[in-house]
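# A look at the structure
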Amino acid sequence: MSAPTIGGVSVPRGDGTTVVRIRRGASLNDFADRIDANPASLVTVLFHLGEMATVTQALDEGTLEALGGELGYVVEIVSPEDEDRELLESFDIDLDAELEAEGDEDLQPRPPVVTVMGHVDHGKTKLLDAIRSSDVVAGEAGGITQHIGAYQVTVEHEGADRAITFIDTPGHEAFTAMRARGADVTDIAILVVAADDGVMPQTIEALNHAQAAGVPIVVAVNKIDKESANPDKVMQQLTEYNLVAEAYGGDTMFVPISALKRTGIDELLEAVLLTADASLDLRANPDKDARGVAIEANLDKGRGSVATVLVQSGTLNVGDAIVAGTAYGRVRAMFDDRGEALAQAGPSCPVQVLGLTSVPRAGDTFLVAPDDRTARQIADKRDAAERAALLARRRKRMSLEDFTEALERGKVDTLNLVLKGDVSGAVEALEDALLKIDVGDEVELRIIHRGVGAITQNDVNLATVDNAVIIGFNVRPDVRVAELADREGVDIRYYSIIYQAIEDVENSLKGMLKPIYEEVQLGTAEIRQIFRSSKFGNIAGSIVRSGLIRRNAAARVLRDGVVVGDNLKIESLRREKDDVTEVREGFECGIGLGSFNDIREGDVIETFEMREKERTA
Ligand code: GDP
């Protein structure tokens, strides 16, 4: 490694192929650590690349890569999954190796895990109730059912008792929220469609979500007790969405039911098992430490953290040290959905767990750790990693411009879009036009979800999972959703003219959409008096005339309206004797412009920042 200077500082350089592996949300400190450099010198290098960051600030992927590129390193960003894997490996827990080591003889059949989805009022809740009360085992044992987020029923199928686990939170919102956290718990989706109402927007939304996750669907055609029921129409409508009934030559099972009258429930459960047996290999090793997912959790006044977890493999025991996301603890007690205490829970079994020190989030994975201390250490490290990642995510995840750039670097070939509009006609027109864009074979456009109505939390979650850009046509998100998008770094584009949306997407696909930056003035200050400092050079005693002056902002100096110094930076900013980050209009301050000393009384210091310009109408 040589150490030539960049921007006046010396940094150890790679040879253009030296790989630096670094986690999301790493800071300059972390980067410096990897390449054995002085963090402060990296601040300078980054500044010459046009970005400003402190040594501890979390950086996004693009910035880390640009910095690495400049210094001759190939930056590999460790994915969240890899990061967690490496974290666990540092504790001698290797989940992949564990799975690989499992032979056929270790694997036992496990019950399918089912989520019920569909349009509002089509009977999801009623169906979940009906299924639950159909349980042969519960019928015998009695007991008071409680909502813990999931339940298991046992049905007779081909002469044997078979269990099925149901996620007891209807709807695809929870499903997608969990997926956004990397947890694929659902094996099969039951899509409930009311036969008197037919396919509705959320029906489509739900099936989009299930299909995006590659989860097989069983259709429950509900409310067939109603006179206005038209099950055939439902079948017909759904063929348009690749759900073709067996009667029409497809392989999707449609079961007519009445959740209200509790008819067709056995047939529906039968269909779930048949679909599972036909298309899935549902097996897990029960003889090891438990691994799984938290599906619901809350803080109970008397009992503390109460979490419902779904065991995915292994067996969970009372007394086990566990870590779920950033929560940890020891399993003090376990209960099933009838409030009965359990000592053990095997694969696909949902149980309520007491004993965690804090509340995990739905979708957090959990695992049994060798001991309490390890559990705590894993939780602490995850917490730190998460915080860093959150900070970095504040920056954009994927925007149309990023796509252009990533395309050029050959890193992506599919642009995922979520389309939302005010009327279905507009959404359809937009979708049609977008799908007609011809940009050759290298790039592909995928519309992973379309719908009518405001941009919802769910849309943002979906965009998060699939790195999609959201196109809003005459619709907007509410504040909460906009905040979520911002936090997750999801790009939402607003349009009111279809061809503009098409033009942007087309340009992006062709790799032609470059961000437009505009200069935004932050403020001006007039120099009143010059102080000479041997340490800092000349300090401009100034009064802020408009806006504000911010430390580290880009600056230029004007004399009688003519630029006499450009590409400068507010290197130091003081009020009285104190270093400050910004000074507002009307206040006096001392400004240092680094090595630029050609300032006079009466000069105006103008500060500005480069902001990405909204291209949309
Ligand atoms: P969800 O919003 O999908 O959870 O729907 P619900 O389960 O809350 O049901 C919505 C309404 O439809 C309720 O008034 C139910 O009583 C009614 N409903 C649900 N299933 C049936 C059914 O099979 N037949 C009839 N006639 N009504 C039903």
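Residues numbered from 1 in each chain as written. Predicted model: local features only at pLDDT ≥ 70, side-chain atom pairs only at ≥ 80, totals over all residues. Heavy atoms only, no water.

As recorded in an unreviewed UniProt entry, the chain goes by the name Translation initiation factor IF-2, listed as coming from Salana multivorans.

## A look at the overall build of the chain
In terms of helices and strands, the chain carries 17 helices and 34 strands. Look at the contacts in the chain between residues 6 or more apart in sequence, and 71% of them connect residues 24 or more apart. Split by element, the accessible area of the chain, about 28,800 Å² in all, is 46% carbon and sulfur. (Helix = DSSP H or I, 4+ residues; strand = E, 2+ residues; numbered from the N terminus. Contact = heavy atoms within 4.5 Å. Areas by Shrake-Rupley, 256 points an atom, 1.4 Å probe, with all protein chains shown as cover.)

## Some points on the packing of aromatic side chains
Scanning the entire structure with this criterion turns up two aromatic pairs. Ring geometry for Phe31 against Tyr73: centres 6.4 Å apart, planes inclined by 80°, an arrangement best described as edge-to-face. Placement of the pair is Phe31 in helix H1 (residues 28–35) and Tyr73 in strand S4 (residues 73–78), with a sequence separation of 42 residues. Here Phe31 matches Tyr73 in class, with each residue buried. (Phe/Tyr/Trp six-rings, centres within 6.5 Å; stacked < 30°, edge-to-face > 60°. Buried < 20%, exposed > 50% of the residue type's maximum accessible area, 1.4 Å probe, protein only.)

## A word on the layout of surface pockets
Taken as a whole, the second largest pocket spans an internal volume of roughly 590 Å³. Every residue lining the second largest pocket is counted, 24 residues in all, and those nearest its centre are Ile204, Asn208, Tyr241, Glu431 and Arg450. Taken together, the elements giving at least two residues each to the lining of the second largest pocket come down to helix H9 (201–212), helix H14 (424–436) and strand S23 (444–452). Among the residues forming the lining of the second largest pocket, the class breakdown is 11 nonpolar, six polar and seven charged. Residues from two domains meet in the lining of the second largest pocket; each of domain 2 (110–284) and domain 4 (400–514) gives at least three. (1 Å grid on protein atoms, 1.4 Å probe; cavity = no way out; pocket = protein on both sides within 12 Å on 5 of 7 lines; lining within 4 Å. Points joined across faces, edges and corners; volume = space filled by probe spheres on them. Nonpolar A, V, L, I, M, F, W, Y, C, P; charged D, E, K, R; others polar. Domains from an automatic or database assignment.)

## Some words on the site of the ligand
Close to the ligand lie 15 residues; Asp121, Lys124, Thr125, Lys126 and Asp225 are nearest. At 3.0 Å from an oxygen atom of the ligand is found a side-chain nitrogen or oxygen belonging to Asn222. Within the complex, 76% of the 580 Å² of free accessible area of the ligand lies under protein. The greatest single-element share of the shell around the ligand, amounting to three residues, is contributed by helix H6 (residues 124–133). Of the residues belonging to the shell around the ligand, the class tally is three nonpolar, six polar and six charged. (Near = heavy atom within 4 Å. Polar contact = N/O pair within 3.5 Å; in protein donor to acceptor, adjacent residues only side chain to side chain.)

## Description of helix H10 (residues 231–239)
One turn of an α-helix holds 3.6 residues; hence residues three or four places apart share an orientation. Those residues of H10 not exposed but buried are Val234, Met235 and Leu238. All buried residues of H10 project into a common sector of 100° when viewed along the axis, lining one side. Contact partners of the buried residues in H10: strand S9 (188–194), H9, strand S10 (217–222) and strand S11 (254–256). (Arc of directions from axis to C-beta.)

## Quick look at the pairing of strand S21 (residues 365–369)
Within S21, four of the five residues are buried, leaving the element largely enclosed by the surrounding structure. One ladder, built from three bridges, connects strand S13 (residues 291–300) with S21; its direction is antiparallel. Considered in S21, the bridge of Gly292 is made with Phe366. Here four bridges tie strand S16 (residues 321–324) to S21, and the two strands are oriented antiparallel to one another. Its bridge partner lying in S21, Ala321 is registered against Ala369. (Pairing = 2+ DSSP bridges.)

## Looking at the nonpolar core
Counting 28 residues, the largest nonpolar core has Leu127, Ile131, Ile164, Phe166, Ile190 and Leu268 as the members making the most contacts within it. Mapped onto this core, the elements with two or more residues apiece are strand S6 (113–118), H6, strand S7 (150–157), strand S8 (160–167), S9, S10 and helix H11 (265–279). Residue contributions to this core peak at seven residues, all from H11. What Leu127 contacts, discounting residues up to four positions off in sequence, is Val116, Ile190, Val192, Ala220, Ile257, Ala259, Ile265 and Leu268. (Core = buried A, V, L, I, M, F, W, Y, C linked by side-chain atoms within 4.5 Å.)

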